[in-house]
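Residues per chain are reported as follows:
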Amino acid sequence: MKIGMIGLGRMGGNMARRLMAGGHQIVAFDRNADAVKALADDGAEPATSLDDLRSNLDSPAIWWVMLPAGEITEATIETIGAGAQAGDIVIDGGNSFYKDDIRRAKALAEKGLHYVDVGTSGGVWGRERGYCMMIGGDKETVDLLDPIFDTLAPGTGDIVKTPGRDPDKVDSRAERGYIHAGPAGSGHFVKMIHNGIEYGLMQAYAEGFDILKSKNTDKIAEDQRFDLNLTDIAEVWRRGSVISSWLLDLTAIALAKDEMLEEFSGSVADSGEGQWTIDAAMEQKVPANVLTASLFARYRSRIDHTYGDKVLSAMRYGFGGHVEIPQ
């Protein structure tokens, strides 16, 4: 299929390259001309503007917006909507707020346009590993786009099938790494909760390693102090333990490089989705003690940094390339 990719940063550029490797055609646009050129060197068709991009797409045109959530995404989708033709499809694969998706879908539908929101997980490793996707939109449009999602997804790989999951009664796409979650907004809602859970998991690892590191503190009796090898602990936990995960893999990689994590400041940013998750919990009257505490821990980290905060920074760098270096 032919796709117009708008936004060629860490995620957008790698997604475009994975799509091209899978046989799809990419027309690429970014305000950064160097990013466009780099992708063109890899086989994409360069575009100098959104109008230029549209003129080089098939009909219906597929516009994939891969930009930071907020004003730039809003403005870009408005511009696309103003110049698109009836039947065109607009995809937002960033981290937009799901209520914005619902509003945009209604506005674009009035112009005969289709809107699809794709919650995308995979970070800077996605080009190699594939992207887990949670998709919102009408069934006909999502089904039409299936070859794109199938190419981006990780596939079944070597993950053991879930016992009791009847292949005749379930959607096989979930096992391949993507789902049609429901109508517009549902994809980003599911991804939003995914990120909220991610905060909690990361905080649990961070606090655990902080406790391990401080076991050698002079605040406790000398005969109770242990000088523990955190690198080996992370490594052994990766192998057969009940808390093994990709986040733990990334932690082990960072610790193997430098157990003190000196290259990280420990001032931990957040994408906003953790707060949106807590807002949703409050609206729905659902208790979310762990997720709320993990969000507040990130706020606190920007004032007073602990070793655990550096572990958080190391994980964020590992999966998303987020740089939090000492100032």
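These remarks concern the structure in this document. This structure is a prediction, so every number in the text was calculated from the model and none was measured.

Considering helix H15 (residues 307–320)
Turning to step 1, where the next piece is worked out: Here H15 contains 14 residues, and its C-alpha end-to-end distance of 20 Å stays within 8% of the 20 Å for a straight helix at 1.5 Å per residue.
Turning to step 2, where the next piece is worked out: Counting buried residues in H15 gives 13 out of 14 residues, a clear majority hidden from the surface.
Turning to step 3, where the next piece is worked out: Between the side-chain oxygen of the N-cap and the backbone nitrogen of Gly-308 there are 3.3 Å, and the N-cap of H15 in question is Thr-306.
Turning to step 4, where the next piece is worked out: Once H15 finishes, Gly-321 follows within two positions and takes phi at roughly 70°, a positive value.

Focus: the environment of Ile-179
Turning to step 1, where the next piece is worked out: The residue Ile-179 is located in strand E8 (residues 178–182) in this model.
Turning to step 2, where the next piece is worked out: Sequence-wise, Ile-179 and Leu-144 are 35 residues apart; in three dimensions their C-alpha atoms are separated by 14 Å.
Turning to step 3, where the next piece is worked out: Beyond its immediate sequence surroundings of up to four residues, Ile-179 is in contact with Met-133, Met-134, Ile-135 and Ala-174.

Some points on the packing of aromatic side chains
Any pair of aromatic rings gets described here by the distance separating the centres and the angle formed by the planes.
Turning to step 1, where the next piece is worked out: Across all of its chains, the model carries 9 aromatic pairs by this definition.
Turning to step 2, where the next piece is worked out: Ring pairs connect the aromatic residues Phe-97, Tyr-98, Phe-189 and Trp-276, which therefore count as one cluster.
Turning to step 3, where the next piece is worked out: Lying across the ring of Trp-246, Arg-129 places its NZ or CZ 4.0 Å from the centre.
Turning to step 4, where the next piece is worked out: The aromatic ring of Tyr-199 is capped on one face by Arg-298, whose charged end is 3.7 Å from the ring centroid.

Notes on the pattern of salt bridges
Turning to step 1, where the next piece is worked out: If you walk through the whole model with that rule in mind, you get 25 salt bridges.
Turning to step 2, where the next piece is worked out: Here Glu-74 makes a salt bridge to Arg-103, at a shortest N to O gap of 2.8 Å. Taken together, the positions of Glu-74 in helix H4 (residues 71–83) and Arg-103 in helix H5 (residues 98–109) put the pair 29 residues apart, joining distant regions of the chain.
Turning to step 3, where the next piece is worked out: The salt bridge partner of Arg-300 is Asp-309, with a shortest N-O separation of 2.6 Å.
Turning to step 4, where the next piece is worked out: Take Asp-309: its relative accessible area is 2%, and that puts it in the buried class.

A word on the environment of Lys-310
Turning to step 1, where the next piece is worked out: Tracing the chain through its elements places Lys-310 in helix H15.
Turning to step 2, where the next piece is worked out: Considered as a pair, Lys-310 and Asp-210 are 100 residues apart in the sequence and their alpha carbons are 9.4 Å apart.

Topic: a nonpolar patch on the surface
Turning to step 1, where the next piece is worked out: A contiguous nonpolar surface patch, about 240 Å² in accessible area, is contributed by Val-124, Trp-125 and Ile-253.
Turning to step 2, where the next piece is worked out: In this structure, Val-124 sits in the loop between strand E6 (114–121) and helix H6 (126–129).
Turning to step 3, where the next piece is worked out: Residue classification places Val-124 among the partly exposed residues on the basis of a relative accessible area of 31%.

A word on helix H13 (residues 273–283)
Turning to step 1, where the next piece is worked out: Three or more residues of H13 are buried, namely Glu-273, Gly-274, Thr-277, Ile-278, Ala-280 and Ala-281. For H13, the arc enclosing every buried residue in end-on projection is 155°, short of the 170-degree limit, so these residues lie on one face.
Turning to step 2, where the next piece is worked out: Packing partners of the buried residues in H13 comprise helix H10 (186–213) and helix H14 (289–301).
Turning to step 3, where the next piece is worked out: Trailing H13 by a residue or two, Lys-285 shows a phi angle of about 60°, which is positive.

Definitions and limits used
- Residues numbered from 1 in each chain as written.
- Predicted model: local features only at pLDDT ≥ 70, side-chain atom pairs only at ≥ 80, totals over all residues.
- Heavy atoms only, no water.
- Helix = DSSP H or I, 4+ residues; strand = E, 2+ residues; numbered from the N terminus.
- Expected span 1.5 Å × (residues − 1).
- Buried < 20%, exposed > 50% of the residue type's maximum accessible area, 1.4 Å probe, protein only.
- Polar contact = N/O pair within 3.5 Å; in protein donor to acceptor, adjacent residues only side chain to side chain.
- Contact = heavy atoms within 4.5 Å.
- Phe/Tyr/Trp six-rings, centres within 6.5 Å; stacked < 30°, edge-to-face > 60°.
- Lys NZ or Arg CZ within 6 Å of the ring centre and 35° of its normal.
- Salt bridge = Lys/Arg side-chain N within 4 Å of Asp/Glu carboxyl O.
- Patch = residues over 30% accessible without salt bridge, like charges linked within 9 Å, V, L, I, M, F, W, Y side chains within 5 Å.
- Areas by Shrake-Rupley, 256 points an atom, 1.4 Å probe, with all protein chains shown as cover.
- Arc of directions from axis to C-beta.

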